[in-house]
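Working through the structure, step by step
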Amino acid sequence: MNLYRYLVPRYLVFPLLFPPLFFSVSFLCDTIQLMSEFCPKDFEERWRQRWKKDAVYTRSFSDDKIPYYVLEMFPYPSGKLHMGHVRNYTLGDTLARFKRMTGHNVLYPIGFDSFGLPAENAAIKHGVNPKSWTLDNVDTMKQQLQLLGLSYDWNCELATCKDDYYRWNQWIFLQFYKKGLVYRKKAYVNWDPVDQTVLANEQVIDGKGWRSGAVVEKKEIAQWYFKITDYAEELLNDLDTLDGWPDRVKQMQRHWIGKSVGSEIDFEVFDGSGKYVETLTVFTTRIDTLYGASYVCIAPEHPLTAAIKSVHVSPTSVQGFIDQCLEQSQADRSDNDKVKLGFETGYKVINPINNEKLPLFIANYVLMDYGTGAVMAVPCHDQRDFAFATQHSLPLKLVIQDPLSSLTLSDFPHAYCEDGLLCNSGPHSGLDSKTARKAITDTLISQKKGRFKAQYRLRDWLISRQRYWGTPIPIVYDEAGEPHAVDESELPVLLPEDVTFDGKGNPLEQSDTFHQFPQPGYRRETDTMDTFVDSSWYFLRYLSAKDDTQAFDPALIKQFLPVDQYIGGVEHACLHLLYARFFTKALRDCGYLEINEPFTRLLTQGMVLKDGAKMSKSLGNTVDPSYIIDRYGADTARLFILFGAPVDRDLEWSDKAVEGSFRFLKRIWALCQSPEKYPLSSPDIVLRARHVCIKKVSHDIARFQYNTAISHLMTLVNTFYHHGCSEDDLRILLLLLAPFAPFMTEELWQQFESTSIHQAAWPTFDPALCETDEVTIVIQVNGKVRDKMTIAKNQERDSLEKVILSRDKIIPYLRDKSPKKIIYVPNKLFNLVI
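Below or above, wherever it landed, is the structure these notes cover.

**Side note on the pattern of salt bridges**
Applying the stated criterion to the full structure yields 37 salt bridges. Arg48 serves as the salt-bridge partner of Glu45, at 2.9 Å between the closest nitrogen and oxygen. In this pair, Glu45 and Arg48 both sit in helix α5 (residues 44-54), three residues apart, roughly one turn of the helix. Its relative accessible area of 39% is what places Glu45 among the partly exposed residues. Glu234 is paired through a salt bridge with Lys585; the nearest N and O atoms lie 3.5 Å apart. Highlighted residues: Glu234 in helix α10 (residues 232-237) and Lys585 in helix α19 (residues 576-589), separated in sequence by 351 residues. Judged by its relative accessible area of 23%, Glu234 is partly exposed. Bridged by salt links that share partners, the residues Glu234, Asp238, Arg581, Lys585, Arg588, Asp589 and Glu597 form one connected network.

**Considering the sheet that holds strand β29 (residues 651-652)**
The three strands are arranged β28-β27-β29 in an open sheet whose pairing can be described as mixed. Edge positions in the sheet fall to β28 (613-614) and β29, since each of these pairs with one other strand and no more. For strand β27 (residues 608-610) and β28, the ladder comprises two bridges, and the chain directions are antiparallel. The residue bridging Leu609 from the neighbouring strand is Lys614, located in β28.

**Considering the packing of aromatic side chains**
For the structure shown, the criterion picks out 54 aromatic pairs. Taken together, a centroid distance of 6.1 Å and an interplanar angle of 20° make the contact between Tyr468 and Trp469 stacked. Accessibility expressed as a relative area gives 3% for Tyr468, which makes it buried. Relative to Tyr522, the ring of Phe517 has its centre 6.0 Å away and its plane inclined at 35°; by these criteria the two rings are tilted. Within the aromatic cluster, the residues linked to one another by ring pairs are Phe173, Phe176, Tyr177, Trp224, Phe226, Tyr231, Trp461, Phe532, Tyr579, Phe582 and Phe583.

**Here we look at helix α12 (residues 304-311)**
Within α12, the full set of buried residues consists of Leu304, Thr305 and Ile308. In a view along the axis of α12, the buried residues occupy a sector of 100°, so they form one face of it. In this structure, the buried residues of α12 make contact with β10 (259-270), β11 (276-284), β12 (295-298), α13 (315-326), β13 (342-350) and β14 (357-363).

**Comments concerning the pairing of β10**
Bridge count between β10 and strand β18 (residues 450-456): seven bridges; the pairing is antiparallel. Along β18, the bridge assignment pairs Gly262 with Lys453. Where β10 hands over to β11, the hairpin turn is made up of five residues, of which Gly274 adopts a positive phi near 90°.

**As for the nonpolar core**
The tendency in soluble globular proteins is for nonpolar side chains to be buried as a group. Core analysis: the largest hydrophobic core is formed by 90 residues, its most contacted members being Phe173, Phe176, Phe226, Trp461, Phe539 and Leu561. Apart from the residues within four sequence positions on either side, Phe173 is in contact with Val182, Trp224, Phe226, Ile463, Ile473, Pro474, Ile475 and Met529.

**Points about the environment of Val138**
By the secondary structure assignment, Val138 is in helix α8 (residues 130-147). Separated by 77 residues in sequence, Val138 and Phe61 place their C-alpha atoms 27 Å apart.

**Some details on the environment of Pro474**
Position of Pro474 among the secondary structure elements: in the loop between β20 (464-465) and β21 (475-477). What makes Pro474 buried here is its relative accessible area of 0%. Sequence separation between Pro474 and Pro109 is 365 residues, and the spatial gap between their C-alpha atoms is 29 Å. The residues touching Pro474, leaving out its near neighbours within four places in the chain, are Gln170, Phe173, Leu174, His484, Ala485, Val486, Leu491, Val493 and Met529.

**What about the packing of helix α24 (residues 706-723) against helix α25 (residues 727-737)?**
Put simply, α24 and α25 touch, their axes get as near as 11 Å, and they point 160° apart. One element, α24, and the other, α25, form an angle in the roughly antiparallel class. Crossing geometry of α24 relative to α25 is assigned as left-handed. Between α24, through Leu713, Leu716, Val717 and Phe720, and α25, the contact on the second element is made entirely by Asp729, Leu733, Leu736 and Leu737. A class-by-class count of the residues in the contact of α24 with α25 yields seven nonpolar, no polar and one charged.

Analysis parameters
- Residues numbered from 1 in each chain as written.
- Predicted model: local features only at pLDDT ≥ 70, side-chain atom pairs only at ≥ 80, totals over all residues.
- Heavy atoms only, no water.
- Salt bridge = Lys/Arg side-chain N within 4 Å of Asp/Glu carboxyl O.
- Helix = DSSP H or I, 4+ residues; strand = E, 2+ residues; numbered from the N terminus.
- Buried < 20%, exposed > 50% of the residue type's maximum accessible area, 1.4 Å probe, protein only.
- Pairing = 2+ DSSP bridges.
- Phe/Tyr/Trp six-rings, centres within 6.5 Å; stacked < 30°, edge-to-face > 60°.
- Arc of directions from axis to C-beta.
- Contact = heavy atoms within 4.5 Å.
- Core = buried A, V, L, I, M, F, W, Y, C linked by side-chain atoms within 4.5 Å.
- Axes fitted to C-alpha atoms, helices over the stretch in contact; angles between N-to-C directions.
- Parallel < 35°, antiparallel > 145°, perpendicular 65-115°, else oblique.
- Left-handed = near helix turned anticlockwise from the far one by under 90°.
- Nonpolar A, V, L, I, M, F, W, Y, C, P; charged D, E, K, R; others polar.

Printed below as a string of structure tokens:
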């Protein structure tokens, strides 16, 4: 490091004013000590400004380098960052920096998921405009992200609450509308009584709103839906193509899509006078139990209940029962241990397999969210049906026999729900369940009263929200109440400013300017879109963030999509990730994309914990990264968060570990400040260590093994301290450290080069120099690891045994006994059986 570069500007004034003092030995020593101290504040802000001025991280769309798209799930600007956010963003930044240095044209953008309930709730609570509240938070979050030195291309920045973004939400809605992927219907929906809005099924967790935690109610209103179920099979099957996704995320999506293979059965429905009403379709995976059906029941939300109310002698009692059911949460209604409520309608249905008349019930335990909202009840072979039949004194019909026992009805304290042999099933008696399922379905097919059917738990995506702070739905209604799509030339449909936030209903309904429409007699749709619409395609918009002529440029999409590496929390597995996959496939079918999946690789990082709990504002256990940056520097914050644990594991906050990361950086700083103190004494050892480190760090960064990559760097630094180092060695060390600690490495790099280290080429290694004549073996006692030892390759067992038996960590386990058996796997394992 050039001493005069630090000495002259800082201390030139002293010899002029105080010559005796300056030239005293003690003051000179103190001055040199101050100059060599590691003080990140001296240079971090300077490099932030320099990187911005020189556009170091701006991607090129015309570059002939291999494109590489790194993306983190974009943040909601609700307030200050905590260390959990820091972990998410530094994971992506480290990879982006590495990929640039390895010769890729990296796209690494950032934006803000800025619509949503928190802003509107803040407007209601504090009397502020949600737009100003949101954009203020965006500014705060940007400052914090920049403090971390994250290498985003800020030219791609977007905020979903701005009309230059949500205009294209509306455009996509219209493309889906033309394609037949959007429809409106009146139905019972999930109503959050706290947030005063509708929730999609995916946003109801254990019967409660995903954000408010309030018990969700059922409410019947007309809503807009995306036909995601049209893609259920493709969404399911294409999970097998996502080799770069965690298995648990794919399994969560499989479960959420919830494919069941079974049969549909048509039951004719007759009212109390014997008049045909309609045909009721039931889905079942156990058609082999059809002969055992003793009643049929429908969900309280089923459309048939309207017909029942219209002719029932006591319609108020029907509605009263329905209301009673709808007051219960879905979790309670489907709980096997809860009381099963039923209302006998007086209607009859005909079992198509034997023409038997069965009573029709409305039952609380039947849900509209699965199958057709109707169930053929077989009490002997379904536990919920068994409980219901027992409570309502309905017949029990045994039709499946356990092949290993002779069950009778008296043996039925519980339903027998396993496969078996059919009995009391007419011509199908004696068949095993699997054979009978096909045979009975074939019989119904021949009678045109049934069919094979795949059913999904996934339901169409309800996107309507009765709130202000979201994308207005581009629909108007004529005087007859019929919907019409807004012309694309009229986009964007803007959110009005003349609204009042008092928490009473939807503010858009009260806005005069919003309802002004050129054609008399028309009124605007006042629902806004679910904010998950915003995050379902934002990764496409980053490429054209400032383009006001199109949502995204097909040529750029072809160049950079799909996203090479996506990073975010596993909590989004069944909401955001599923919706983004649906949008990609739907836009493909609308003719705008050529890809089938949006994200090639997915990393779901672990949480940052403090005192064993996830960092959160509600628990009051967050750590402000600004405090860490101010005290230790951004590089220390980054290094701690990347070194503390494997990226997919939870990380426990530790002040001591933060200080340890700071000390490691200080060691490197001191080494580079005074390399003459560490002359190269063992060139061969250092050369080999350097090449081994390049190989291991390169391997580990590419696989997100950041903690082990940093460990290898620590080993290399120790080697330099023990065996010395050359200028080339220090160059390599800084290059390898640069993705993790961008500020310090940039500052130290200037002693070698005037260009940015982050635009330098990643070092290469010589495979021959990475070979070693030593290996580390594991030493076990009775199969448990008790020690490790570095030995020469291919060492003979006999010579190795004497050494191992005399090791301090092994002697206590021997208890003066000789091993009964020794298992030696050369170069890997030495196991003593005592």
